[in-house]
Amino acid sequence: MNAGSSDVVIVGGGVVGIATAYFLAKAGVSSTVIERDSVGSHASGFAYGGLSPLAGAGIPGPVFPMAKEGMRIHREFSQLLPEETGVATEYRVRPSLSLAFTEEEVRESKEFLAWQQEQEGYSVKWLDAAKAKEIEPRISDEILGAVYMVGGAEVEPYKFILALTQAAEKLGVTVRHGNVKGITKESGRVTGLIMESGELACDNVVLALGPWSADVSSWISLKVPIRPLKGQILRLQAPGAPFDCSIGWAGNYANTKMDGLLWTGTTEEEAGFDENPTTSARDQVMASLLKMIPSLLDAELVQHTACLRPLSIDGIPIMGAVPNLNGAFLSTGAGRKGILLGPAMGKATADLILNRETDFPMEPFSLTRFS
């Protein structure tokens, strides 16, 4: 039984998969996105949505050119997607205040400060405790100082992925529900996908399965070292005025989003594929929040979400053509920066399929680095 055919089939309806389809469609190449659940129903729809290109795994380093490209695309999308779809993605420029409580945290905060200050389009400075409290008086009296950064931004992740999907569909992308079980090949080349409903012929396949990417190891006869990293976020009705900047400390954050709620997180848990919110994580996130902003003791919990981010063993995304299998491409492993990096990963993957130059070097992301 044959379930049809397509030039390109993309497995995974998260931000990376949908962005790949969008950029292929912009170039006139039709594609089908196959999502097992629903678009944006996992990490892409339940992320925090912070766009901070000057910090994170591989920054400074190989990920920075991709992060910069992701930011450029997000700025374009902030105008384009609402115009094309009518969906407000809630993009806005947002300063951040990253707190340091110990001398060690001060040293770590200043480690890349000079490099950050060199980057065009951003203003980054170290503030002592008094100056930091001038920006946000409610932060803890215990801090030794903070890094204040202007130039980052944020989106509402679910609305963003919804808008991107609608824009892609308007360009002719097909999004369909299905469960992929494997790849069919002939003479070292992709010929299609094995699905529960039958076979789907295609010339190219993009494997963008997020935290489930290790499942494709048997399909491509190469180990894909990706695992799920669980993260949980609380949305709170917080007393007092909205916060005008994102407050961060040691991988945690608190920020009033455009829905009026204070979003705060997050955890980094090795919990397999368990996506359920837990009381222990809720308590951990609240403890971090109160360390940063002690006055929020009376904040009321409105929503508690959990999601799984795809993390490679070295923390760097895995992207590019699959070795020894023509027509197969991998695009996964953005970790905690999926919303920022996803559009750039999608564009680069589309460029590889179109035989175009990519906007940043792809070598650091090759699967062959693990062999």
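Here the structure is a predicted model, which is why all the values come from computation and not from measurement.

Here the focus is the overall build of the chain. For the chain, the helix and strand inventory stands at 10 helices and 19 strands. For a compact globule of 371 residues, the expected C-alpha radius of gyration is about 21 Å, and the chain comes in at 21 Å, within 12% of that figure. Along the three orthogonal principal directions, the C-alpha set of the chain runs to about 65 × 40 × 40 Å. Counting only contacts in the chain whose residues sit at least 6 apart along the sequence, the fraction spanning at least 24 positions is 73%. About 15400 Å² of surface is accessible on the chain, with carbon and sulfur atoms providing 50% of the total.

As summarised here, the arrangement of the 8 strands in space is β6-β7-β5-β14-β15-β16-β13-β17, forming an open sheet in which the pairing is mixed. Edge positions in the sheet fall to β6 (123-128) and β17 (300-312), since each has one partner strand and no second. Shown here is a sheet whose adjacent strand axes are inclined to one another by a mean of 20°, direction ignored. Set on the sheet, helix α9 (residues 279-292) makes contact with β5 (96-100), β13 (226-237), β14 (246-249), β15 (252-256), β16 (262-265) and β17; between it and β13 the angle comes to about 60°.

Turning our attention to the confidence of the model for the chain. For any part of a model where pLDDT is low, the fine detail of the predicted coordinates should not be relied upon. On average, the chain scores 95 in pLDDT, and the residues at 70 or more come to 97%. A low-confidence stretch, residues 1-5 stays under pLDDT 50, and its non-local contacts, those more than four residues away or across chains, total 13 contacts.

Thresholds, definitions, all that
- Residues numbered from 1 in each chain as written.
- Predicted model: local features only at pLDDT ≥ 70, side-chain atom pairs only at ≥ 80, totals over all residues.
- Heavy atoms only, no water.
- Helix = DSSP H or I, 4+ residues; strand = E, 2+ residues; numbered from the N terminus.
- Rg over C-alpha atoms; globule rule 2.2 N^0.38 Å.
- Contact = heavy atoms within 4.5 Å.
- Areas by Shrake-Rupley, 256 points an atom, 1.4 Å probe, with all protein chains shown as cover.
- Pairing = 2+ DSSP bridges.
- Axes fitted to C-alpha atoms, helices over the stretch in contact; angles between N-to-C directions.
- pLDDT = per-residue confidence, 0-100.

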